[in-house]
Amino acid sequence: MKKQLLLVCSLFCFALPSYAQPTPVEKHGSLSTDGPRLVNKNNQPVSLAGPSLFWSNNGWEGESFYNAGVVTTVAKDWKASVIRAAMGVDHSGSFIESPENNRLKVESVVDAAIENGIYVIIDWHSHHAEDVEVQAIEFFTSMATKYGHLPNVIYEIYNEPLQKTDWHKTIKPYAKNVIDAIRKIDPDNLIIIGTQTWSQDVDKAAKSPLSGYDNILYSLHFYAGTHKQSLRDRAQQAIDSGLPIFISEWGSVNADGDGMVDLEESMRWLIFAKQNGLSQVSWSISNKVEGASMIKPGASTWGGWSKDDLTPNGIFIREVLRAWED
């Protein structure tokens with residue numbers, strides 16, 4: 001599998017003069033869905049790829065990475081076309097406890113993504129979003145008001161509903177209310193909806209998707225060390241039925257965020273994503289001591305990293321992104 005990755009990189013990791021390279025947003029413009037596909041302004045299929053930031057919560061390992069230096073590094077050096085701002089809504093130090101501080105962190109990432117010409121996912125990073133629906137509506141209303149006129153912005157309105165959070169009774173009604181609030185201001189930017197069981201049950205969503213809305217996608221999350229062919233099979237069924245899927249979080253390690261990089265299973269997932277034209281965002285830019293973190297403790301939190309600053313997962317993901325064609 002490592003040889004395969006190196007081969008892909010040798011085919012696609014080349015540099016053109018900077019003046020000859022449009023940014024991802026210059027190239028693709030406003031994104032939309034066409035059946036199960038994500039397409040650009042010219043109705044051509046597009047597959048975004050990039051990293052996700054860690055929870056933004058105050059005092060957590062990820063908060064110091066919410067800055068322009070990090071965004072510039074992943075855009076310029078890692079060749080990412082998208083970055084995800086995972087604004088913490090649960091637990092201590094979250095948006096619910098400290099809304100202004102967490103909002104400003106997200107806005108710094110969004111502003112830097114716009115400056116660098118990449119897409120940015122504004123993620124309501126919660127496992128219990130239905131419990132704070134009022135706050136979600138207020139937050140996304142403010143984000144749509146400030147950024148909804150720009151093609152860069154993608155809204156992710158529910159990170160990972162839990163296994164017992166019912167798709168029909170809870171997730172769909174919540175999603176409808178938040179989407180309605182966004183669409184009053186922003187009629188067309190992409191909106192990603194979390195699916196049941198930590199955003200794995202895309203097959204349930206495929207049997208009963210939301211109707212009456214355009215440019216809606218459904219999130220698929222996986223961790224290669226834990227989730228294998230059976231989840232790919234369910235995802236393929238959903239795609240074949242016409243469901244637009246966005247891999248808004250995936251890990252090369254175990255589902256608990258720890259363990260070694262599972263290179264072989266990660267490559268199977270990446271091939272699956274490529275074959276189906278799916279966009280993918282990897283977890284996570286953080287220096288937390290766990291396998292999923294991409295940055296070593298002690299390295300700069302402002303980007304500009306060398307290979308020695310990256311963890312095994314960071315090295316792997318950087319190479320994946322540099323080899324990914326959008």
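Residues numbered from 1 in each chain as written. Predicted model: local features only at pLDDT ≥ 70, side-chain atom pairs only at ≥ 80, totals over all residues. Heavy atoms only, no water.

### So, the pairing of strand E4 (residues 82-88)
The condition is simple: When a residue's accessible area, from a 1.4 Å probe over protein chains only, is under 20% of the maximum for its type it is buried; when over 50% it is exposed; and in between it is partly exposed. Put simply, DSSP H or I for four residues or longer makes a helix, DSSP E for two residues or longer makes a strand, and each gets a number counted from the N terminus. In short, DSSP must find at least two bridges between two strands for them to pair. Seen with the strands pointing away from the viewer, any crossover whose path from the first strand over the helix to the second strand runs clockwise is right-handed.
Across the seven residues of E4, seven count as buried, placing the element largely inside the fold. Of the two faces of E4, the one lined by Val82, Arg84, Ala86 and Gly88 and the one lined by Ile83, Ala85 and Met87 are each fully buried. Note: E4 against strand E5 (residues 119-125), seven bridges, orientation parallel. Bridged to Arg84 within E5 is Ile121. Crossover E4 to E5 through helix H4 (residues 99-116) is right-handed.

### A closer look at the nonpolar core
As a reminder of what qualifies: Put simply, a nonpolar core is a bunch of buried Ala, Val, Leu, Ile, Met, Phe, Trp, Tyr and Cys residues held in one set by side-chain atoms that sit within 4.5 Å of each other. Here, residues are in contact when the closest pair of their heavy atoms is within 4.5 Å.
By size, the foremost hydrophobic cluster in this structure holds 87 residues, and its most contacted members are Trp124, Ile157, Ile193 and Trp305. Leaving out residues up to four positions away in the same chain, Ile157 has contacts with Trp124, Ala129, Phe140, Tyr174, Ala175, Val178, Ile179, Ile182, Ile191, Ile192 and Ile193. Counting 14 residues, the second-largest nonpolar core is a separate cluster that includes Val25, Leu31, Ile154 and Ile192.

### Examining the pattern of salt bridges
Worth spelling out the cut-off: One side-chain nitrogen of Lys or Arg within 4 Å of one carboxyl oxygen of Asp or Glu is enough to make a salt bridge.
Overall, the coordinates contain 20 salt bridges when judged by the stated rule. We note a salt bridge from Lys204 to Asp201, for which the minimum N-O separation is 3.6 Å. Each of Asp77, Arg318, Glu319 and Arg322 takes part in a single network of salt bridges with overlapping partners.

### Some thoughts on unusual backbone geometry
Cis geometry is found at the peptide bond from Trp283 to Ser284, where omega equals -10°. Mapped onto the secondary structure, Ser284 falls in strand E10 (residues 280-285). Even without glycine at this site, Asn43 takes up a positive phi of about 60°. Within the secondary structure layout, Asn43 lies in the loop between strand E2 (37-39) and strand E3 (49-53). A positive phi is found at Ser199, a non-glycine position, where the angle reads about 60°. Locating Ser199 in the fold gives a position in helix H7 (residues 196-199). Residue classification places Ser199 among the buried positions, given a relative accessible area of 0%.

### Considering the side chain of Ser199
Our working definition: Polar contact is the term for a pair of N or O atoms within 3.5 Å; when the atoms are in protein, one must be able to donate a hydrogen and the other to accept it, and sequence-neighboring residues count only if both atoms are side-chain atoms.
Within polar-contact distance, the side chain of Ser199 engages the backbone oxygen of Asn159 at 2.8 Å. When neighbours within four sequence positions are excluded, Ser199 is seen to be in contact with Asn159, Glu160, Pro161, Gly194, Ser219, Leu220 and His221.

### Some remarks on the packing of aromatic side chains
When we look at a pair of aromatic rings, we describe it by the centre distance and by the angle of the planes. Applicable threshold: The pairing test for Phe, Tyr and Trp rings, Trp by its six-membered ring, is centres within 6.5 Å, and the orientation test on the planes gives stacked under 30 degrees, edge-to-face over 60, and tilted for anything in between. The rule is short: NZ of Lys or CZ of Arg within 6 Å of the ring centre and within 35 degrees of the ring normal puts a charge over the ring.
Tallying each qualifying case throughout the model produces 14 aromatic pairs. On the basis of an interplanar angle of 65° and a centroid distance of 5.4 Å, the ring pair of Phe95 and Trp124 is categorised as edge-to-face. Residue Phe95 is found in the loop between E4 and H4, and its partner Trp124 is found in strand E5; the two are separated by 29 residues along the sequence. Residue classification places Trp124 among the buried residues on the basis of a relative accessible area of 0%. Aromatic side chains Phe95 and Phe139 sit 5.3 Å apart centroid to centroid with 65° between the ring planes, which places their arrangement in the edge-to-face category. Here Phe139 lies in helix H5 (residues 133-147) and Phe95 lies in the loop between E4 and H4, a separation of 44 residues in the sequence. Considered together, Phe95 and Phe139 belong to a single accessibility category, that of buried residues. Lying over the aromatic face of Trp269, Arg232 brings its terminal NZ or CZ to 5.0 Å of the ring centre. A cation sits over an aromatic face here: Lys274 above Trp324, 4.4 Å from the ring centre.

### Section: the pairing of E5
Across the seven residues that make up E5, a large majority, seven, are buried. Here E5 shows a buried face lined by Tyr119, Ile121, Asp123 and His125 and a second buried face lined by Val120, Ile122 and Trp124. Here E5 pairs with strand E6 (residues 153-156) via four bridges, running parallel. Within E6, the residue paired with Ile121 across the bridge is Ile154. Each parallel crossover has a hand, and for E5 linked through H5 to E6 it is right-handed.

### Section: helix H6 (residues 167-183)
Residues spaced three or four apart along an α-helix face the same direction, because each turn holds 3.6 residues. Listing the buried residues of H6 in full gives Trp167, Ile171, Lys172, Tyr174, Ala175, Val178, Ile179, Ala181, Ile182 and Arg183. Of the residues flanking the start of H6, the one acting as N-cap is Asp166, its side-chain oxygen 2.9 Å from the backbone nitrogen of His168.

### Things to note about the environment of Gly69
Within the secondary structure, Gly69 is located in helix H3 (residues 68-76). Separated by 145 residues in the primary sequence, Gly69 and Asp214 place their C-alpha atoms 34 Å from one another. Apart from the residues within four sequence positions on either side, Gly69 is in contact with Trp302 and Gly303.

### Here we look at the packing of H4 against H5
Under the convention used in this document: Fitted lines through C-alpha atoms give the axes, limited to the stretch in contact for helices. The angle between two N-to-C directions lies from 0 to 180 degrees. Under this scheme an angle from 65 to 115 degrees is roughly perpendicular, one under 35 degrees roughly parallel, and one over 145 degrees roughly antiparallel; angles in between are oblique. Helix crossings are classified by the rotation of the near helix relative to the far one: an anticlockwise turn of less than a right angle makes the crossing left-handed, while a clockwise turn makes it right-handed. In this classification, the charged set is Asp, Glu, Lys and Arg, the nonpolar set is Ala, Val, Leu, Ile, Met, Phe, Trp, Tyr, Cys and Pro, and all remaining amino acids, among them Gly, are polar.
Between H4 and H5, the shortest axis-to-axis distance is 12 Å and the interhelical angle comes to 30°. Classified by the angle between their axes, H4 and H5 sit roughly parallel to one another. For the crossing formed where H4 meets H5, the hand is right-handed. From H4, Arg103, Glu107, Val110, Asp111 and Ile114 reach across to H5, where they touch Phe139, Met143, Lys146 and Tyr147. Per-class residue counts for the contact of H4 with H5 are five nonpolar, no polar and four charged.

Honestly, that's just the spatial picture; any functional story needs more than this.
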